[in-house]
Each structure stands twice: as structure tokens, then as C-alpha cells.
Amino acid sequence: MLAPMRRAAADALTELEREIDAPGAGLDRLRLVPTPFVPEVRLHLAEDAIVWWARMEAAAGHALPAPYWASAWAGGQALARHLLDHPELAAGRRVLDLAAGSGLVAIAAALAGAATVTANDIDPYAVAAVTLNARANRVTVDATADDLLDGTGADADLVVAGDVFYDRAMADRVLPFLERAAAAGADVLVGDPGREHLPANRLAVLADYPVPTTEPAVDSSLRRVQVLRPV
Ligand SMILES: C[S@@+](CC[C@H](N)C(=O)[O-])C[C@H]1O[C@@H](n2cnc3c(N)ncnc32)[C@H](O)[C@@H]1O
């Protein structure tokens, strides 16, 4: 018997497979599109994530988690670009993409030649989206829905985390996790567009990129996004 999280991710995968096969176009649809700042990677993204979410909730008859995986977040785009432009960071290594959303950064790590890639996200729909997106880009990514934040990053040589400082509760758990992973010997890279809860005094900037953003509720089409690591 499948554990509940694996069952939820398997059900979400069936649902998303139906969604991407459904005919029709419109704001409430998913489309397989090149990622604006990382066109080497194509993702199943919502034309409008809020509208897609509303339709799915209406069909389900109950609340669903916000579909963060249906947008390419600025932090993830910068981090994926950084890995593709510096493949030696991931090549031959065991990579963990924390809070993976669509799996963009995980897929970039795989394209850069990582030995293994694990994408982790507690949203079963994100786990399903990672599976679909990895398939669309012909790479192997292992997707898991366990909550890893109380651990150390297990066996990863490289931990990557795009746009994880978006709220206080998440930031309070993520920073100690990333610091433990670094103390255990992993390289750690974060992509962040200057979010309110970014612990800037605990991170050093390695690079920054002008990223076109397709996120909901962002009024500018370009954001400066930093790639950072714990000091
Ligand atoms: C803003 S999105 C970023 C997604 C992706 N990294 C990117 O840059 O496109 C944040 C993600 O964190 C995930 N998340 C929230 N709490 C988490 C946790 N405890 N462990 C793993 N992922 C988590 C959410 O489900 C969501 O997909």
C-alpha cells in the first residue's frame, strides 16, 4: 500500500496528466512553454495560476494548495540559469532541489550533468508537476513530498533552493536547514529576488541576474535576482 503522501502525489499526477492532455486554450489552462530566462527548459505552466487554481478548486469541491509549481519563480529562474552557465557546480554531484515547485532548478541540475537529482516539495501537485516537467525535458529527477526541513539534506553534495524566503514561517525553517546542510559538507545555493524575509546578513552574494518574471501579482516584468550561499 502506498503511503498517504505518495498516494496524494500519484493522484495529482493522474489529474495533471488529464489536464495537459485536455484540448482547449485559455487563462485556466496549463501550457508547455520555454521558461523565459532559461529557454533550454520547458515547463507546464498556467497561463494564469490564479484562474487555473479557481477552476481546479471548483471542480474538486474543496480547497487545494496554491499552485506555486504552475509559475516560474524569479529565484528559481536565476538559480537554474546559474547552474546551466556553470555546469561544474552540479556535474557528477548528488543534487537536492528544496521546495522545488515546478522542478525548474532540479531539471537544470540534471541538464548540467548531475549524477542524481532529487526534487523535494510538500505539495503533492508540485511532485506531480516535477515528474511531468522532467519527462518533458527528458531528464531523470526523483521527486519526493516528505518534509525534509528538520534534517540536514541527507546525502546531497549540492542543495539548491529557489525563492524559499517568501514568508516568515518558511524562512524560519529554511535558513537553519540550509546552514545544517552546509555544515554537513554540502554546497548550498539560493536564488532570491530580494524577498522581505531573505536573511541577507547570513548569506553572501555570488551573482545577480535580470530575470523576466511571469509570477502572479508582480507589477514589473524584470527583477534583479541574486544567487547566494550561506556565509
Ligand atoms: C515560491 S515557490 C518556489 C518554487 C521553485 N523553487 C521556484 O523557484 O520556481 C515555494 C515552494 O515551496 C514549497 N514548500 C513550502 N513548504 C515546504 C517544505 N516544508 N518543504 C518543501 N517545500 C516546501 C511550496 O509548496 C512551493 O512549491
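Everything discussed here concerns the structure shown above.
Residues numbered from 1 in each chain as written. Predicted model: local features only at pLDDT ≥ 70, side-chain atom pairs only at ≥ 80, totals over all residues.

Caption draft 1: The arrangement of the pairing of strand 2 (residues 38-46) in detail. In the sheet, strand 1 (residues 30-35) pairs with strand 2 via 6 bridges, with the strands oriented antiparallel. Opposite Pro-34, over in strand 2, you have Arg-42 as the bridge partner. Between strand 1 and strand 2, which follow one another and run antiparallel, lie 2 residues. (Pairing = 2+ DSSP bridges. Helix = DSSP H or I, 4+ residues; strand = E, 2+ residues; numbered from the N terminus.)

Caption draft 2: Broad picture of the site of the ligand. For the ligand, the set of nearby residues contains 24 residues, the closest of which are Trp-73, Gly-76, Ala-99, Gly-101 and Gly-162. Elements with a minimum of two residues in the shell around the ligand: helix 3 (74-85) and helix 4 (104-111). Its residues assigned to classes, the shell around the ligand shows 14 nonpolar, 6 polar and 4 charged. (Near = placed C-beta within 6 Å. Nonpolar A, V, L, I, M, F, W, Y, C, P; charged D, E, K, R; others polar.)

Caption draft 3: Seen up close, helix 6 (residues 168-183). Look at helix 6: 23 Å from first C-alpha to last across 16 residues, which is about the 22 Å you get at 1.5 Å a residue. Within the sequence span of helix 6, burial applies to Val-174, Leu-175, Phe-177, Leu-178 and Ala-181. Those residues of helix 6 that are buried lie in contact with strand 6 (158-162), strand 7 (187-192) and strand 9 (222-230). Two residues or fewer past helix 6, Gly-185 is found with a positive phi of approximately 115°. (Expected span 1.5 Å × (residues − 1). Buried ≥ 20, exposed ≤ 12 C-beta atoms within 10 Å, placed from the backbone. Contact = placed C-beta atoms within 7 Å.)

Caption draft 4: Summary view of the nonpolar core. Counting 76 residues, the largest nonpolar core has Val-105, Ala-106, Ala-108, Ala-109, Val-130 and Val-159 as the members making the most contacts within it. Contact partners of Ala-109, with chain neighbours within four places excluded, come to Leu-83, Ala-90, Val-95, Asp-97, Ala-114, Val-117 and Val-160. (Core = buried A, V, L, I, M, F, W, Y, C linked by C-beta atoms within 7 Å.)

That's the geometry; what it means functionally is another story.
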